[in-house]
Number of protein chains: 2
Amino acid sequence: MATTETPAEPLSIGQVAERTGLSVHALRFYEREGLLVGPVRRTAGGRRRYTAADVDWLLICVRLRESGMPLADLKQFAELVRRGPGNEAERLQLLDAHQRRVEEQIQALEECRSVIAWKVGVYAEHLARDEAGGLWDPTVRDGLRPS
Amino acid sequence: MATTETPAEPLSIGQVAERTGLSVHALRFYEREGLLVGPVRRTAGGRRRYTAADVDWLLICVRLRESGMPLADLKQFAELVRRGPGNEAERLQLLDAHQRRVEEQIQALEECRSVIAWKVGVYAEHLARDEAGGLWDPTVRDGLRPS
DNA sequence: CTACGATCTGGAGCGAGGTCTAGATCAAGT
DNA sequence: ACTTGATCTAGACCTCGCTCCAGATCGTAG
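Each chain carries its own residue numbering, running from 1 in the written order of its sequence. Lettering of chains starts at A and numbering of ligands starts at 1, both following the order in which they are written. The predicted origin of the model limits local features to residues at a pLDDT of at least 70 and limits the giving and counting of side-chain atom pairs to 80 or more, whereas totals for whole chains, interfaces and linings rest on all residues. Computation of side-chain values covers all heavy atoms of the structure but excludes hydrogens and water.

Considering the protein's contact with DNA strand D
So the rule is basically this: The rule for a residue being near a molecule or strand is that one of its heavy atoms must lie within 4 Å of it. Nitrogen and oxygen atoms within 3.5 Å of one another constitute a polar contact, given that in protein one can donate a hydrogen and the other can accept it, and given that sequence-neighbouring residues count only through two side-chain atoms. Note on conventions: DSSP H or I runs of at least 4 residues are helices, E runs of at least 2 residues are strands, and numbering of each starts at the N terminus. Note on residue classes: Ala, Val, Leu, Ile, Met, Phe, Trp, Tyr, Cys and Pro are nonpolar, Asp, Glu, Lys and Arg are charged, and everything else, Gly too, is polar.
The environment of DNA strand D is formed by 20 residues, the closest being Arg47 of chain A together with Ser12, Arg28, Arg47 and Arg48 of chain B. A breakdown of the atoms of DNA strand D within 4 Å of the protein gives sugar and phosphate a share of 72%. In the environment of DNA strand D, a phosphate oxygen lies 3.0 Å from a nitrogen or oxygen atom belonging to the side chain of Tyr30 of chain A. Contact between DNA strand D and Arg28 of chain B: a phosphate oxygen at 2.7 Å from a side-chain N or O atom of the residue. If you list the elements that add at least two residues to the surface near DNA strand D, you get α2 (24-32) of chain A together with α1 (13-20) and α2 (24-32) of chain B. When residues of the surface near DNA strand D are assigned to their parent elements, the largest contribution, four residues, is made by α2 of chain A. The residue inventory of the surface near DNA strand D, partitioned by class, reads six nonpolar, seven polar and seven charged.

Here it is, written out as structure tokens:
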């Protein structure tokens, strides 16, 4: 699982930002919103020190967000984890539901892709004809009826 | 490509909402934003009358939006079409760029899906073990407590 | 000691993409 | 004529997910 080659040394917020792709602003924001499982440790002076586990969790969060999970769901998931063992079924349900949504999303995107590809094809063909020596009738306004 | 079995009879905004999936609010909003190619016709009384071509365009818009094209790009595309023939190369470029973005999106989603699937697997296995007779540490009692 | 960059907090601000309200008008049924 | 429901306009408002400030503090390098 060693997602970040777990060096056991805690990381600063900037370092975590680098390796998660989240901004330091976003990291603080996530924390305020209760999206992290545990409270983040601090130095004597009050600076955040993230553990490897924190980073791993954040990397999961990033994937879930990328795939469109709303922060509210992420928060709920974090809460379940925070409460400790005993609610694994709920966690599974949450993830499973999301997984299905992701699959639907992929489906939808693939349909879109094919519609767009068809449109691209129409334009490409149009341009080919055009450049290849003007069978293009200048009196016809844009032959692409099913726009 | 009779997307809506083009009855040549113009449609009310409500009917268009039904067959595009956009709300009437969104339809008016899109119009204000200049996302439509032509100006929508009106009845004597001022009600919008959409043509089949309008609906076809909107259906394309819906696909482009679904696949994450920002309204700004949609607007630009509409402007190109509005200006008439002569800029097909630009239109093609716009669509082609979007198509590539959609493909990247699908890629990304598929990676997410596999990460999530792995997580789901972890929980499923955990639950299976748990229900099948507890290698699960019995000193950790069910985390349910009066919260 | 001094500088300088990174981080801290609380809260304001922002961009995208709509959504909703108010108050008026239109159109159709009875 | 009356009622009902769909539509009209302009503009205020909303959610989401951050982003950015101001002003203070920390921590390290010289």
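Let's talk about the pattern of salt bridges
Residues and elements named next belong to chain B. Test applied: Here, a salt bridge means any side-chain nitrogen of Lys or Arg that lies within 4 Å of a carboxyl oxygen of Asp or Glu. Summary of the burial criterion: residues with accessible area below 20% of their type's maximum are buried, those above 50% are exposed, and those between are partly exposed, where the area comes from a 1.4 Å probe applied to protein chains only.
Applying the stated criterion across every chain, the model contains 16 salt bridges over all chains. Between Glu31 and Arg48 there is a salt bridge, with the nearest N and O atoms lying 2.6 Å from each other. Residue Glu31 is found in helix α2, and its partner Arg48 is found in strand β2 (residues 48-49); the two are separated by 17 residues along the sequence. In this structure, Glu110 and Arg113 form a salt bridge, with 3.6 Å as the shortest nitrogen-oxygen distance. Of this pair, Glu110 and Arg113 both sit in helix α5 (residues 88-131), three residues apart, which is roughly one turn of that helix. For Glu110, a relative accessible area of 29% corresponds to the partly exposed category.

Some remarks on the relation of the copies chain A and chain B
The two chain copies are related to each other by a rotation about an axis together with a translation along it. How we decide: Fitting of the copies onto one another was done by least squares over C-alpha atoms, counting residues only where both copies have pLDDT of at least 70. Any two residues whose heavy atoms approach within 4.5 Å are treated as being in contact.
Taken as rigid bodies, chain A and chain B are interconverted by a rotation of 180° and an axial shift of 0.0 Å, the fit giving an RMSD of 0.1 Å. Expressed as a symmetry operation, the mapping of one chain copy onto the other fits a two-fold axis. For chain A, the smallest separation between a C-alpha atom and the rotation axis is recorded for Ile106 of chain A, amounting to 3.0 Å. A share of 84% of the interface residues of chain A reappears at the interface of chain B, consistent with the copies meeting face to face through the same patch.

Overview of the protein's contact with DNA strand C
Neighbouring DNA strand C are 19 residues; Arg28, Arg47 and Arg48 of chain A together with Arg47 and Arg65 of chain B lie closest to it. Of all atoms in DNA strand C that approach within 4 Å of the protein, 68% are sugar or phosphate atoms. A distance of 3.0 Å is found between a phosphate oxygen of DNA strand C and a side-chain nitrogen or oxygen belonging to Tyr30 of chain B. Note that a phosphate oxygen of DNA strand C is positioned 3.3 Å from one of the backbone N or O atoms of Leu71 of chain B. In terms of residues, the surface near DNA strand C owes the most to one element, α2 of chain B, which gives three residues. Residues of the surface near DNA strand C, tallied by class, amount to five nonpolar, seven polar and seven charged.

Remarks on the packing of aromatic side chains
Aromatic ring pairs are described here by two measures, namely the spacing of the ring centres and the angle between the planes. Note the threshold: Only Phe, Tyr and Trp rings take part, Trp by its six-membered ring, and two of them pair if their centres are within 6.5 Å. Stacked means planes under 30 degrees apart, edge-to-face means over 60, and tilted covers everything else.
Within the structure shown, the criterion is met by six aromatic pairs over all chains. Centroid distance Trp57 of chain A to Phe77 of chain A: 5.4 Å. Interplanar angle 45°. Geometry classified as tilted. A residue pair is termed long-range when its members are at least 10 positions apart, and Trp57 of chain A in helix α3 (residues 52-66) and Phe77 of chain A in helix α4 (residues 71-82) qualify at 20 residues. Where Tyr123 of chain A meets Phe77 of chain B, the ring centres are 6.4 Å apart and the plane angle is 65°; that geometry is what we call edge-to-face. Of this pair, Tyr123 of chain A sits in helix α5 (residues 88-131) while Phe77 of chain B sits in helix α4 (residues 71-82), on two different chains. Residue class for Tyr123 of chain A comes out buried when judged on its relative accessible area of 1%. By the ring-pair criterion, three or more aromatic residues cluster together here, those being Trp57 and Phe77 of chain A together with Tyr123 of chain B.

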